[in-house]
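As a plain string of letters, each chain reads:
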Amino acid sequence: MTDFYNSILEGLQGMSLIEVVGVITGIAGVWLAAKQSIWTWPISVVSVTAYVFIFYDARLYADMGLNAFYIITSFYGWYEWLYGGKGHTERKVTNVRQQELWVLIALVVAFTGGLGYFLDNYTDADLSYTDSATTAVSLMAYWLMAKKRLENWLVWLAVDVVYVGVYAYKELYLTAFLYFIFLILATIGYLDWKRDMEKEAVAHVTK
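As the structure is a computational prediction, the values presented were derived from the model and not from experiment. (Residues numbered from 1 in each chain as written. Predicted model: local features only at pLDDT ≥ 70, side-chain atom pairs only at ≥ 80, totals over all residues. Heavy atoms only, no water.)

Following both chains from N to C, one finds helix α2 (residues 17-34) and helix α3 (residues 40-57) inclined at 145°, their axes separated by 8 Å at the closest point. Along this stretch, α2 crosses α3, giving a crossing that reads as left-handed. Between α2 and α3, the residues in contact are I18, E19, V21, G22, V23, T25, G26, A28, G29, L32 and A33 and T40, I43, S44, V46, S47, A50, Y51, F53 and I54, respectively. Its residues placed into classes, the contact of α2 with α3 shows 12 nonpolar, seven polar and one charged. (Axes fitted to C-alpha atoms, helices over the stretch in contact; angles between N-to-C directions. Helix = DSSP H or I, 4+ residues; strand = E, 2+ residues; numbered from the N terminus. Left-handed = near helix turned anticlockwise from the far one by under 90°. Contact = heavy atoms within 4.5 Å. Nonpolar A, V, L, I, M, F, W, Y, C, P; charged D, E, K, R; others polar.)

Here it is as structure tokens:
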């Protein structure tokens, strides 16, 4: 345990400014998402842009590509939260539809296999299939978040556990700690969104 803490301290001492920016805006972005603040999206754009460069240096190319894609999808999520509801109103929290869930799972499996094979055979990427799987599941979670599906937080909880281990292995200790914080924020987000959805349901029934 002492070695682990020493490693974190060494990582903190050697971290770059860009990683500091990525961590701070990353935490802020997830906290704002848990609170359903529209500011989560512009703040998240800053964070994911920083991590494009961080993951390139770490040779985690799937994660690098994932964050590059996040830049685009953050603008989609921004629009969806503002105008994705009925009559182009603010989108409300809902449950994922069963058909939607199965389509996303199938895409995750296909994406993991295809990208994992490519990275493993044609690049110098590290942890090719693990990196691909976490990338695919993260894309699923990001899509569900953009659609304000309650279950996005459960998907984030699952993938963030893996990310903590991956980034610790790659000696990105500050980033590993960031994803540990994400675990806590995802739990808060799930509880807050569930409470909000239940309030909406009660309000709808009493109208």
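The next thing to look at is unusual backbone geometry. Of note in the backbone geometry, Q36 takes a positive phi value of approximately 60° without being a glycine. Tracing the chain through its elements places Q36 in the loop between α2 and α3.

This paragraph deals with α3. Between its terminal C-alpha atoms α3 stretches 26 Å, which fits the 26 Å expected from 18 residues at 1.5 Å a residue. Immediately downstream of α3, the backbone of R59 shows phi near 60°, a positive value. (Expected span 1.5 Å × (residues − 1).)

For the structure on display, the rule yields seven salt bridges. When the shortest N-O distance is used, the salt bridge between D192 and K35 registers 3.1 Å. Linking D192 in helix α8 (residues 173-206) with K35 in the loop between α2 and α3, this pair joins segments that are 157 residues apart in sequence. Residue classification places K35 among the partly exposed residues on the basis of a relative accessible area of 44%. Between E90 and K148 there is a salt bridge, with its nearest N and O atoms 3.9 Å apart. Remark: K148 occurs in the loop between α6 (128-146) and α7 (152-169) and E90 occurs in the loop between α4 (61-83) and α5 (98-122); sequence separation between them is 58 residues. Taking the relative accessible area as the measure of exposure, E90 reaches 45% and is therefore partly exposed. (Salt bridge = Lys/Arg side-chain N within 4 Å of Asp/Glu carboxyl O. Buried < 20%, exposed > 50% of the residue type's maximum accessible area, 1.4 Å probe, protein only.)

Aromatic ring pairs are defined here through the distance separating the ring centres and the angle between the ring planes. Evaluated as defined, the whole model comprises 17 aromatic pairs. Ring geometry for Y51 and F55: centres 5.2 Å apart, planes at 35°, overall tilted. Residue Y51 and its partner F55 are both found in helix α3; the two are separated by four residues, about one turn of the helix. Judged by relative accessible area, Y51 falls into the buried class, the value being 4%. When the centroid spacing of 6.4 Å and the interplanar angle of 70° are considered together, the rings of Y117 and Y122 count as edge-to-face. Judged by relative accessible area, which is 44%, Y117 ranks as partly exposed. Taken together through their ring pairs, the aromatic side chains of W41, Y70, W81, Y142, W153, W156 and W193 make up a single cluster. (Phe/Tyr/Trp six-rings, centres within 6.5 Å; stacked < 30°, edge-to-face > 60°.)

Right, let's get into α7. Its 18 residues give α7 an end-to-end C-alpha distance of 26 Å, which sits within 8% of 26 Å, the value for a rise of 1.5 Å per residue. Of the residues making up α7, those classed as buried are N152, W153, V155, W156, V159, D160, Y163, V166 and Y167. E171 sits one or two residues past α7 and shows a positive phi near 65°.

The biggest cluster of nonpolar side chains holds 44 residues, and the ones touching the most others in it are F55, M145, W153, W156, Y167, L172 and W193. Every element with two or more residues in this core is listed here: α2, α3, α4, α5, α6, α7 and α8. Looking at this core, the element that brings in the most residues is α8, giving 10 residues. If sequence neighbours within four positions are ignored, L172 has contacts with E19, I54, F55, A58, L60 and Y167. (Core = buried A, V, L, I, M, F, W, Y, C linked by side-chain atoms within 4.5 Å.)

Honestly, it's all geometry; don't read function into it.
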